[in-house]
Each structure stands twice: as structure tokens, then as C-alpha cells.
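Read off the chains here:
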Amino acid sequence: MIKKKRFHIYLNQFDNKKLTELSNKRKETKSAIIRKLIHIEKYAKTLEQIEINNHINSEFLYQIAKLGNNINQIAYHLNIDITSHDKAKDNLIEILTDFKNVLNMHKEKIQKNKIYKDTILNSYQTIRDNSNEQQ
């Protein structure tokens, strides 16, 4: 059994009016409205963090793409001065393979973030739907 606690809150006239309007519109108690808002806020903060992570991931991918250009320039300059082209070619292939692996790992992380975000959005929508059905 979940233990309930009683809280008293003070609202200004405007906030009390809004809460009363929401309560009347949804045909729910003010307490039920406040509880639902608390649960929705939890999902909103999670979604906000996912958006921040996606922005960081986008910037990371942009910087990695710029690195590709730098690698090409380095390879060009190495090929000018190196007498053993086979050795330079082997090193470059190894570097590019490692680079590709890093890109693929990061791409998987972005996909996981997208799936996580979609799951949260679905949960949030379910809560809203359930709330609307109770009206």
C-alpha cells in the first residue's frame, strides 16, 4: 500500500484560477491535476536531456567529418616524402578503418538515443491519452 502524505500549497490568485479551470475542464480534483503535472515534468526533463545529447552527437559527427579532410591532407603530404608507398598505404588504410569503426559506434549510439526518445514520447502520449479518457 502506498503511503499518502498531505501537502498544503499556496497559490496566487492567477495560479489558483488556472488550476481550478483545469480541474473543471478535466472533471478531476486539483490534487489529481497536480500529480499528473509532476509525472509529465519527469518525462519532459528526460526529453530535454536527450535533445541535448543529440545536439552534442551532431556536433561530434560534424567534427569527425572535418577530421576526414585533415586525414586526406596528411596522407597527401606523407605520400610526397615517403619512399615506401606500400608502407604509407598500409598505415593509411589502418587509420581509415579505425576511423570508420569509431563513426559506426557513434552512429549506433545515436540510433539508441532516438529509440529511447521515441519510447519516452510514447509513454508521455499514453499518460496524456489516459488523462484525456478520464475526462
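Everything quoted here is computed from the prediction, not taken from an experiment.

**A look at the overall build of the protein chain**
- Helix and strand content of the protein chain: three helices and zero strands.
- Of the regular secondary structure in the protein chain, the N- to C-terminal order runs α-α-α.
- Within the protein chain, the proportion of its 135 residues that are buried is 13%.
- Sequence-distant contacts, at least 24 apart, represent 72% of the contacts inside the protein chain between residues at least 6 apart.

**Some thoughts on the pattern of salt bridges**
- Per the stated rule, a full pass over the model turns up one salt bridge.
- Close ionic contact of Glu28 with Lys36 constitutes a salt bridge, the shortest N to O distance being 2.4 Å.

**Considerations on a nonpolar patch on the surface**
- A cluster of nonpolar side chains, namely Phe7, Ile9 and Leu11, defines an oily patch on the protein surface of about 340 Å² accessible area.
- Judged by its relative accessible area of 39%, Leu11 falls in the partly exposed class.

**Regarding the environment of Leu19**
- As for its placement among the helices and strands, Leu19 is situated in helix α1 (residues 13–26).
- Since its relative accessible area comes to 10%, Leu19 is described here as buried.
- For the pair Leu19 and Lys30, spaced eleven residues apart in sequence, the C-alpha separation works out to 6.6 Å.

**Let's talk about the confidence of the model for the protein chain**
- Mean pLDDT for the protein chain: 78, with 84% of residues reaching 70 or above.
- Across the protein chain, the secondary-structure element scoring lowest on mean pLDDT is helix α3 (residues 85–133), at 74, and the one scoring highest is α1, at 90.

**What about unusual backbone geometry?**
- Positive phi, normally seen in glycine, also occurs at Lys27, with a value near 55°.
- As for its placement among the helices and strands, Lys27 is situated in the loop between α1 and α2 (30–81).
- We classify Lys27 as exposed; its relative accessible area is 68%.

**Looking at α1**
- The end-to-end C-alpha distance of α1 is 20 Å, a good match for the 20 Å that 14 residues give at a rise of 1.5 Å each.
- In this structure Asn12 caps α1, since a side-chain oxygen of it lies 3.2 Å from the backbone nitrogen of Phe14.
- Once α1 ends, the next one or two residues include Lys27, with phi positive near 55°.

**Some words on the side chain of Glu28**
- Secondary-structure assignment places Glu28 in the loop between α1 and α2.
- A polar side-chain atom of Glu28 sits 2.4 Å from a polar atom in the side chain of Lys36.

What counts as what
- Residues numbered from 1 in each chain as written.
- Predicted model: local features only at pLDDT ≥ 70, side-chain atom pairs only at ≥ 80, totals over all residues.
- Heavy atoms only, no water.
- Helix = DSSP H or I, 4+ residues; strand = E, 2+ residues; numbered from the N terminus.
- Buried < 20%, exposed > 50% of the residue type's maximum accessible area, 1.4 Å probe, protein only.
- Contact = heavy atoms within 4.5 Å.
- Salt bridge = Lys/Arg side-chain N within 4 Å of Asp/Glu carboxyl O.
- Patch = residues over 30% accessible without salt bridge, like charges linked within 9 Å, V, L, I, M, F, W, Y side chains within 5 Å.
- Areas by Shrake-Rupley, 256 points an atom, 1.4 Å probe, with all protein chains shown as cover.
- pLDDT = per-residue confidence, 0-100.
- Expected span 1.5 Å × (residues − 1).
- Polar contact = N/O pair within 3.5 Å; in protein donor to acceptor, adjacent residues only side chain to side chain.

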